[in-house]
Number of protein chains: 2
Amino acid sequence: MQVYDAPIRDMRFNLEELHAEDGFGDLEGFEDFDEDMTSAILEEANKLCRDVLLPINWSGDQEGCRIENGVVRTPKGFPEAYKQFCEGGWAGLTVDQKWGGQGAPHSLGKMVEEMSCSTNLSFGLYPGLTNGAMVSLEAYGSEDQKSFYMPKMANGEWSGTMCLTEPHCGTDLGMLRTKAEPQEDGSYKITGNKIFISAGDHDLAENIIHLVLARLPDAPPGVKGISMFLVPKFMPKDDGSLGDRNPAVATAIEHKMGLKASATCQMSFDGATGWLVGKENRGLEAMFAMMNTERVAVGIQGLGVGEIAYQSSVYYAKERLQGRSLSGVKNPDGPADPIIVHPDVRRMLMTMRCYNEGSRAVSAWVARALDAEHAAKEPEARERAKDFVALMTPVVKALFTDLGHEASHMAIQIHGGHGYIQETGIEQFARDARIAQIYEGANGIQALDLVGRKLPDRMGRNLRSFFHPVSQFIEDHEGDEKIGKMIGGLQQAFGALQMSTGHIAQKGLKDPEEAGAAATDYLRLLGFVAMGYCFANAAKKSYAKLKEGTDEKDFYEAKIITARFFFDRLLPPVMAQMMAITSGKSSMMDMPAEAF
Amino acid sequence: MQVYDAPIRDMRFNLEELHAEDGFGDLEGFEDFDEDMTSAILEEANKLCRDVLLPINWSGDQEGCRIENGVVRTPKGFPEAYKQFCEGGWAGLTVDQKWGGQGAPHSLGKMVEEMSCSTNLSFGLYPGLTNGAMVSLEAYGSEDQKSFYMPKMANGEWSGTMCLTEPHCGTDLGMLRTKAEPQEDGSYKITGNKIFISAGDHDLAENIIHLVLARLPDAPPGVKGISMFLVPKFMPKDDGSLGDRNPAVATAIEHKMGLKASATCQMSFDGATGWLVGKENRGLEAMFAMMNTERVAVGIQGLGVGEIAYQSSVYYAKERLQGRSLSGVKNPDGPADPIIVHPDVRRMLMTMRCYNEGSRAVSAWVARALDAEHAAKEPEARERAKDFVALMTPVVKALFTDLGHEASHMAIQIHGGHGYIQETGIEQFARDARIAQIYEGANGIQALDLVGRKLPDRMGRNLRSFFHPVSQFIEDHEGDEKIGKMIGGLQQAFGALQMSTGHIAQKGLKDPEEAGAAATDYLRLLGFVAMGYCFANAAKKSYAKLKEGTDEKDFYEAKIITARFFFDRLLPPVMAQMMAITSGKSSMMDMPAEAF
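- As annotated in an unreviewed UniProt entry, chain A carries the name 3-methylmercaptopropionyl-CoA dehydrogenase and comes from Aurantiacibacter gangjinensis.
- Entered under Cofactor (unreviewed entry) in the UniProt record, the comment concerning chain A runs "FAD".
- Quoted verbatim from the Function (unreviewed entry) field of UniProt, the annotation for chain A is "Involved in the assimilation of dimethylsulphoniopropionate (DMSP), an important compound in the fixation of carbon in marine phytoplankton, by mediating the conversion of 3-(methylthio)propanoyl-CoA (MMPA-CoA) to 3-(methylthio)acryloyl-CoA (MTA-CoA)."

## Considerations on the packing of helix α5 (residues 106-119) of chain B against helix α9 (residues 343-375) of chain B
All names here are of chain B.
Link 1 in the chain: One can describe the packing of α5 onto α9 by two numbers: an axis separation of 7 Å at closest approach and a directional angle of 140°. Here α5 lies oblique to α9, going by the angle between them. Where α5 abuts α9, its residues His106, Ser107, Lys110, Met111 and Glu114 lie against Arg360, Ala364, Ala367, Arg368, Leu370 and Asp371.
Link 2 in the chain: The class makeup of the residues in the contact of α5 with α9 is four nonpolar, two polar and five charged.

## A short note on unusual backbone geometry
All names here are of chain B.
Link 1 in the chain: Located in the positive-phi region is Ala199, a residue other than glycine, with phi close to 60°.
Link 2 in the chain: Topologically, Ala199 is positioned in the loop between β5 (188-198) and β6 (207-214).
Link 3 in the chain: Classification of Ala199 by relative accessible area gives buried; the value is 1%.
Link 4 in the chain: Of note, Glu440 is a non-glycine position whose phi angle comes to about 55°, a positive value.

## Notes on the pairing of β5 of chain B
Residue and element names in this part refer to chain B.
Link 1 in the chain: As paired strands, strand β4 (residues 179-182) and β5 are joined by four bridges and run antiparallel to one another. Counted as the bridge partner of Lys179 is Thr191 from β5.
Link 2 in the chain: Two successive antiparallel strands, β4 and β5, enclose a turn made up of five residues, where Gly186 displays a positive phi of approximately 90°.
Link 3 in the chain: Note: β5 against strand β11 (residues 264-277), nine bridges, orientation antiparallel.

## Concerning the UniProt feature "domain: Acyl-CoA oxidase/dehydrogenase middle" (unreviewed entry) in chain A
Link 1 in the chain: Within this numbering scheme, the UniProt entry marks residues 162-271 of chain A as carrying the feature "domain: Acyl-CoA oxidase/dehydrogenase middle" (unreviewed entry).
Link 2 in the chain: Segment residues 162-271 of chain A splits into 0% helix and 47% strand. End C-alpha atoms: 18 Å apart.

## Considering the relation of the copies chain A and chain B
Link 1 in the chain: Expressed as a screw transformation, the operator carrying chain A onto chain B has a rotation angle of 180° and an axial translation of 0.0 Å, and the superposed copies differ by an RMSD of 0.0 Å. What the rotation and shift describe, once combined, is the action of a two-fold rotation axis. Among all C-alpha atoms of chain A, that of Pro573 of chain A lies closest to the rotation axis, at 2.3 Å.
Link 2 in the chain: Take the interface residues of chain A: 99% of them recur as interface residues in chain B, which is what a same-surface contact looks like.

## Topic: the pattern of salt bridges
Link 1 in the chain: Using the criterion set out here, one finds 88 salt bridges over all chains in the structure.
Link 2 in the chain: Between Lys146 of chain B and Glu143 of chain B there is a salt bridge, with its nearest N and O atoms 3.4 Å apart. Separated by three residues within a single helix, Lys146 of chain B and Glu143 of chain B lie in helix α7 (residues 143-154), roughly one turn from each other.
Link 3 in the chain: On the basis of relative accessibility, which here comes to 11%, the residue Lys146 of chain B falls in the buried class.
Link 4 in the chain: Of the residues examined, Glu143 of chain B reaches a relative accessible area of 55% and is grouped as exposed.
Link 5 in the chain: Linking Glu285 of chain B and Arg282 of chain B is a salt bridge whose minimum nitrogen-to-oxygen distance equals 2.7 Å.
Link 6 in the chain: Arg282 of chain B gets classed as partly exposed once you look at its relative accessible area, which sits at 40%.
Link 7 in the chain: Sharing partners across several salt bridges, the network here consists of Asp10, Glu114, Glu307, Arg353, Glu357, Arg360 and Lys559 of chain A.

## Section: the UniProt feature "domain: Acyl-CoA dehydrogenase/oxidase N-terminal" (unreviewed entry) in chain A
Link 1 in the chain: Taken from the UniProt record, the annotation "domain: Acyl-CoA dehydrogenase/oxidase N-terminal" (unreviewed entry) applies to residues 77-157 of chain A.
Link 2 in the chain: The span residues 77-157 of chain A is 69% helix and 0% strand, and its two end C-alpha atoms sit 17 Å from each other.

## Examining the interface of chain A and chain B
Where the parts come together, the accessible area they lose is often given as the size of the interface.
Link 1 in the chain: Contacts between the two partners involve 95 residues from chain A, matched on the other side by 94 residues from chain B.
Link 2 in the chain: Where chain A abuts chain B, roughly 7,900 Å² becomes buried across the two surfaces, and 60% of that area is made up of carbon and sulfur atoms.
Link 3 in the chain: For chain A, the biggest contributors to the area lost against chain B are Tyr420, Arg569 and Phe596 of chain A; these three give 12% of the whole.
Link 4 in the chain: Summed over the shared surface of chain A and chain B, the result is four salt bridges.
Link 5 in the chain: Between Arg569 of chain B and Asp521 of chain A there is a salt bridge; the shortest N-O distance is 3.4 Å.
Link 6 in the chain: Scanning the region where chain A abuts chain B turns up 55 residue pairs in polar contact (both at pLDDT 80 or more).
Link 7 in the chain: With ten residues, the top contributor of residues to the side of chain A that touches chain B is helix α17 (residues 553-575) of chain A.
Link 8 in the chain: Here the side of chain A that touches chain B is composed, by residue class, of 45 nonpolar, 27 polar and 23 charged.

Thresholds, definitions, all that
- Residues numbered from 1 in each chain as written.
- Chains lettered and ligands numbered in written order.
- Predicted model: local features only at pLDDT ≥ 70, side-chain atom pairs only at ≥ 80, totals over all residues.
- Heavy atoms only, no water.
- UniProt positions renumbered as here; feature names shortened; annotations may be inferred.
- Axes fitted to C-alpha atoms, helices over the stretch in contact; angles between N-to-C directions.
- Helix = DSSP H or I, 4+ residues; strand = E, 2+ residues; numbered from the N terminus.
- Parallel < 35°, antiparallel > 145°, perpendicular 65-115°, else oblique.
- Contact = heavy atoms within 4.5 Å.
- Nonpolar A, V, L, I, M, F, W, Y, C, P; charged D, E, K, R; others polar.
- Buried < 20%, exposed > 50% of the residue type's maximum accessible area, 1.4 Å probe, protein only.
- Pairing = 2+ DSSP bridges.
- Least-squares fit on C-alpha atoms with pLDDT ≥ 70 in both.
- Salt bridge = Lys/Arg side-chain N within 4 Å of Asp/Glu carboxyl O.
- Buried area = accessible area lost by both parts, 1.4 Å probe.
- Polar contact = N/O pair within 3.5 Å; in protein donor to acceptor, adjacent residues only side chain to side chain.

Laid out in structure tokens, this is it:
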């Protein structure tokens, strides 16, 4: 059974306590979003997600999307849920108030995103893509484009897409073939075929604004010849009402492993009218503005699925009676004990819990930085926030989606045979979560971005935004009475990370394949050190709370046990990946291609 | 695309070279199966699997099974393929010749099983279950039962099932409720409901022989009150022709995540006629005879899927052009390089390759022991083989299925978005492989079997059957010119395993939860040490071959690179699980159930 209630207490811990001294200081412009307001928004979001989105999650998976007379139909209940979503103002939660959004900080917005990803990942894609499109448009669109499109997208009336992939090119966009021919009126005719287009067509919003990558006739080859175009499904009239259908059409819906209620379309642009967004041949840059936001959002998808997988597993582990506890009968009146008594079930539950709380803590930190980039008072704090976001974006995307997928499989395992049966709703989590490791740049590409771009960037400045607070924290708490042991573990892992960084810097400089060979292991190690730092800090704050006295003793004690499990069980094997990293590329690259 | 050609060269390496000095000596009764005969059988099996079973693998997944007028229909092509399978004598490959089988050794039989698991896991379940049922029947059936049923099962005319699970009990069979009432003619009336019954009904064989666990009226509660009954679908007449339909009926087919062409049935026994197999109240013992064989077979399922996942990925990685090599253009005439040039793609391919070759090496060793248990000349070798099988059965089952599932997901990742699309056939591997971690005892149960039963058994005698050859091998090759570095890695990992064993022996004796908390990490560590031993040994033999000169230089060189990758990249993190194991149960068990 799919079970969910938003982990609001933990979210508030992250928003209010954990990152209080992250050095970004108070942020400007979010004065309305005080603790009361934030709590109220989280409560309302929980209601919407739990009571509206969750009930159509499994049915949506079973029903899927279909094309009827050339129009994509989403599953039963989706249009109504979307209407409620928009009416509640959720479509524009973090969008600037000047475009009709709510202007909430990302640190809050990401928590709400987590909830919708938990309860209905497929549904979340529709407004999620709109959000991404708005980011590009706001950054690169003309004033006219912004004032015309942004308000209708911020309230969800119109939705958005990003049209990049073609059959022969996904990662390697330099090969894309879609063409844009300039017209006399300043518009362009767009012609080409795209695949894997999320929310490419649907019946939720009245219009869809496609951001399409295409080539101008005189464009240079490769990625430097790609421009971005805004292509509406229906040509809007000046008053915003809808005119003619643009020949930008979904020709098929992909048959996917999961995420079936999200319409992933094959799109045909057959001389569709579009307008240039940003400069000619600078489309990739404009798309990457969107891509980076999307990458953090995709990381949150992993966390979201991990959370509902955890909650559903806890529910089952307390209900399902099977076997007796190794330390003596716990449920003498029943035919067996609930399976939560068994160590191996505990192992999986605690692992999932660590993944979720660790990912939430790191993402809350990154989300604070996303806000601080623009809203920190000190310019230096804004710079540091920017560096930190740059460094952590690939980590959030790749690590959280890997962990979310792992967690979804632990949920299946806890459910045993029942987890493999569709009606239980558990295997859906694994099928849905799987795509997040692939789209918006496969996780291997994220790792390459980390070691190939983010590490060397400006002599390692991005890295310092992370290394500095961690090493300072270790220094400040070495031998601490309460968290000293955790600090010891963190220090070892941080040492392994530093050594691995040195290896990549030294070897990778001469031979980029050396950096590439280390990339995936390195990303995981860095991410686990970030989680370790957050857990040690959380434990410190929890011990302090318990010492000063609190009526939430259970919450803080659980936080400490979770942190201990992380350091006891999860960090050591990842730390040892340092050995894999420093072993170099040879055993990975020596095999001749023919020998495979 | 699903691509497969049996890895016969590697299979032969395992059969003929790798385990030549395993101490079991020559086996008696398999004289017909010399190297020529073995090669011919492998070639024939490859043809059947590649050319008959593979072409209906994906279509079978898409079509699934259905019930028509109370009869289960398998997908298109399955009945014809089954006919070919039986006509070729494959149904009784390892069955004793006195029952009409081929009498081939398990060491060969498991290789053939690997092929069918690679090419059509769903299909393989039908004869696989029959095989399991034959093992129970041969061990516990009366002479009359054996001579009547075995020949028809060995030629596949009749198939078999094992009916254990009920809705409220899977792992905890003590709770099962199905009843058996003795009749005056010596038969029993069986009444109850079973779920998750693989091959419970189908249209492949003319009759189905169910082995059903049920309780006699006066049976003691719990597992000591379970008996095993033979319940045919159609009541056979004395001449073997079919009589009345027995009320043992599939009432529904489960809707599963994968393995959709295998009919997993809900079964209703409504006063069905059956006969006791073995002694009253000793049904679990009889079922476990079958279960142990099945557990090794399920491990092979993981390997089988891992192998086709690897081959399909290699094919794609050589075909798919995307990006350029970090060390310079490799395919100057094409628009991009094949993705096999990228380190992260290599990392996944090499990891899959290691999983497959490592699992195949260990399973070949265990299969040799399965044969040696009965066919070794020296009684002492037979005993040692038995100990080794007992120890390794849970390891083969759990580790190989975990690795096969991991490999299937690497295949998806290598395929990128195309891996998530059903038509490519890749995501099917992951959905199919997933069940193997659950059925025949979930992997957590395997780990508990290992630490709770197999380790302490007879003061650690099982363990010595493994520790002794490994420590001897390390001692013999320390500082070896060629494999000295690998031996160093193996020694470290073996040390970690010994320390972990000590921890479990010491702590687990006083507190079984301590052993339970260590179990899963321990099983993986033990399995990786076993693989490491096999890889080091394989490398040693390969170096020797290269030195003496061989026209298969490529094969032996690839083997060495694969072994190096294993020691460089895969062993270190698993070795570090020793730290998790020795951290004890507290962080896993301290959390109050309410706090989850």
